[in-house]
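# Residue-level structure breakdown
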Amino acid sequence: MFKNIGRSNVLFVCKRSFVRLIEVGQLNLPKSIEKYETGQLFFHRIFGYRGVILFPWLARVYDRDIINKTENAVGKDVKGKTHTFYQTLIDERDCPFIRAQTEAVTFLGNQDTSRSLYAIPGLDYVAQEDILPYTATEKQPLQHELFDKFLMYYPNKDPPFGAQETLRSWQKKNHPWLELSDVHKETTENIRVTVIPFYMGYRESQTNSVYWWRYCIRLENLGEQSVQLRERHWRIFSLSGTLETVRGRGVVGQEPVLSKKSPAFQYSSHVSLQAPSGHMWGTFRMEREDGHLFDCRIPPFSLESKPDDKFLDR
């Protein structure tokens, strides 16, 4: 899928299998500081999909690019700055054309006293600067199984979609699983890596407890030359005292190419520890189109659990 903005600020989309453009709405002026409201339709600035905002989160962003620009930055703490991110729905028509996993939310649900892994398709976390808001020309502008359950059309409202009680109840019930708190960023040789970790819960047996986290990673090429991700190298430290090394080809079975045409790739994975906290860090081995190999740093991030009483209401 691609987008094109006409002279009159009208937004069009067309799928690769078609030759005609379809008008979907008019672009609005992006907001730099003021928050977007529930029901705001948008295009993702990086991945180009159509989406709608459900609700905001405030996250601490730890950007190592800022401290690395100063002298003698080695060993200094990185201070987090608060930024707004949004929980969003992705239009299912666009999912086959974007380079991001669309099952972005997973958690260990507590059903009938047993915890199982759940995945909710077509959900994403989007930063304020990635949103290109628009006003749709249709009453049903977005296709997603949860759209009609979560949002209602209000013709005299701006944006014309508002939260239903179902959405508010869902957010309250699943708040511990959905909450975004920390975001970590670092750039190496024009390749920016962004990591967002999430606590998922734990499974308990007669012998031990296993704690689970999900982490979402975006790689973005800020340079001119194409690069390809060849290998991953992880170091995983557990509070129990263990240090694990994980090496392998690519990520999630792929070796994505980051080019000027398709500069970004996003995926999610999971990690488990036999302790309530730990740390992860590592590198991606990247190869430029001229054959140059280099290691792209993955910013270190904490794996922190939450008190289990937050999860007992599930």
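See the structure above.
This is a predicted model, so every value here is computed, not measured.

## What to know about the packing of aromatic side chains
For any pair of aromatic rings, the description consists of the separation of the ring centres together with the inter-plane angle of the planes. All told, the structure shown has 16 aromatic pairs when counted by the stated rule. Between Phe150 and Trp170, the ring centres sit 5.0 Å apart and the planes meet at 40°, which makes this aromatic pair tilted. On the criterion of sequence distance, the pair formed by Phe150 in helix α2 (residues 147-150) and Trp170 in helix α3 (residues 165-178) is long-range, its members being 20 residues apart. The buried category is assigned to Phe150, whose relative accessible area is 3%.

## So, the environment of Glu244
Following the sequence through the fold, Glu244 ends up in strand β17 (residues 243-249). It is 8.0 Å that separates the C-alpha atoms of Glu244 and Trp234, two residues lying 10 residues apart in sequence. Look past the residues within four positions of Glu244 in its chain and what remains in contact with it is Trp234, Arg235 and Ile236.

## So, empty space enclosed by the protein
By the definition in use, this model includes one cavity of 30 Å³ or more. In this structure, the largest cavity occupies an estimated 60 Å³ of space. Lining the largest cavity are Asn28, Gln40, Leu41, Tyr134, Thr135, Ala136, Asp158, Pro159, Pro160 and Phe161. Top element by residues in the lining of the largest cavity is strand β10 (residues 131-136). It accounts for three residues. Partitioned by chemical class, the residues of the lining of the largest cavity number six nonpolar, three polar and one charged.

## As for the environment of Leu229
Of note, Leu229 is situated in strand β16 (residues 227-238). For Leu229, a relative accessible area of 0% corresponds to the buried category. Residues contacting Leu229, with those up to four places away along its chain left out, are Leu219, Gly250, Val251, Glu255, Pro256, Phe284, Arg285 and Met286.

## Quick look at the pairing of strand β6 (residues 81-90)
Taken residue by residue, a regular strand's side chains alternate between the two faces of the sheet. For β6, a buried count of seven out of 10 residues is recorded, marking the element as mostly surrounded by other parts of the structure. In terms of strand pairing, strand β5 (residues 50-63) meets β6 through 10 bridges, oriented antiparallel. Note that in β6 the partner of Val52 across the bridge is Leu89.

## What to know about the pattern of salt bridges
Under the criterion given, the structure shown has 17 salt bridges. Between Arg218 and Asp130 there is a salt bridge; the shortest N-O distance is 3.1 Å. Taken together, the residues span a long stretch of sequence, with Arg218 in strand β15 (residues 209-221) and Asp130 in the loop between β9 (123-127) and β10 at a distance of 88 residues. There is no split in this pair, since Arg218 and Asp130 are both buried. The partner of Glu287 in a salt bridge is Arg230, and the shortest N-O contact between them spans 2.8 Å. With Glu287 in strand β20 (residues 277-288) and Arg230 in strand β16, this residue pair connects regions lying 57 residues apart in the sequence. Taking the relative accessible area as the measure of exposure, Arg230 reaches 22% and is therefore partly exposed.

## Some details on α3
Roughly 45° is the biggest bend found in α3, and it falls at Lys172, with proline Pro176 one to four residues downstream. Of the residues making up α3, those classed as buried are Leu167, Trp170, Asn174, Pro176, Trp177 and Leu178.

## Observations concerning the nonpolar core
If you look at the biggest cluster of nonpolar residues, it comprises 31 residues, and the most contacted ones within it are Leu54, Trp170 and Leu180. The element best represented in this core is β5, accounting for six residues. Discounting chain neighbours no more than four positions away, the residues touching Leu180 are Trp57, Leu58, Ala59, Phe85, Tyr125, Ile196 and Phe198. Counting residues in hydrophobic clusters, the runner-up holds 28 residues, among them Trp213, Val227, Tyr267 and Met280.

So, how was this worked out
Residues numbered from 1 in each chain as written. Predicted model: local features only at pLDDT ≥ 70, side-chain atom pairs only at ≥ 80, totals over all residues. Heavy atoms only, no water. Phe/Tyr/Trp six-rings, centres within 6.5 Å; stacked < 30°, edge-to-face > 60°. Helix = DSSP H or I, 4+ residues; strand = E, 2+ residues; numbered from the N terminus. Buried < 20%, exposed > 50% of the residue type's maximum accessible area, 1.4 Å probe, protein only. Contact = heavy atoms within 4.5 Å. 1 Å grid on protein atoms, 1.4 Å probe; cavity = no way out; pocket = protein on both sides within 12 Å on 5 of 7 lines; lining within 4 Å. Points joined across faces, edges and corners; volume = space filled by probe spheres on them. Nonpolar A, V, L, I, M, F, W, Y, C, P; charged D, E, K, R; others polar. Pairing = 2+ DSSP bridges. Salt bridge = Lys/Arg side-chain N within 4 Å of Asp/Glu carboxyl O. Bend = angle between axes of the 7 residues up to and from the residue. Core = buried A, V, L, I, M, F, W, Y, C linked by side-chain atoms within 4.5 Å.

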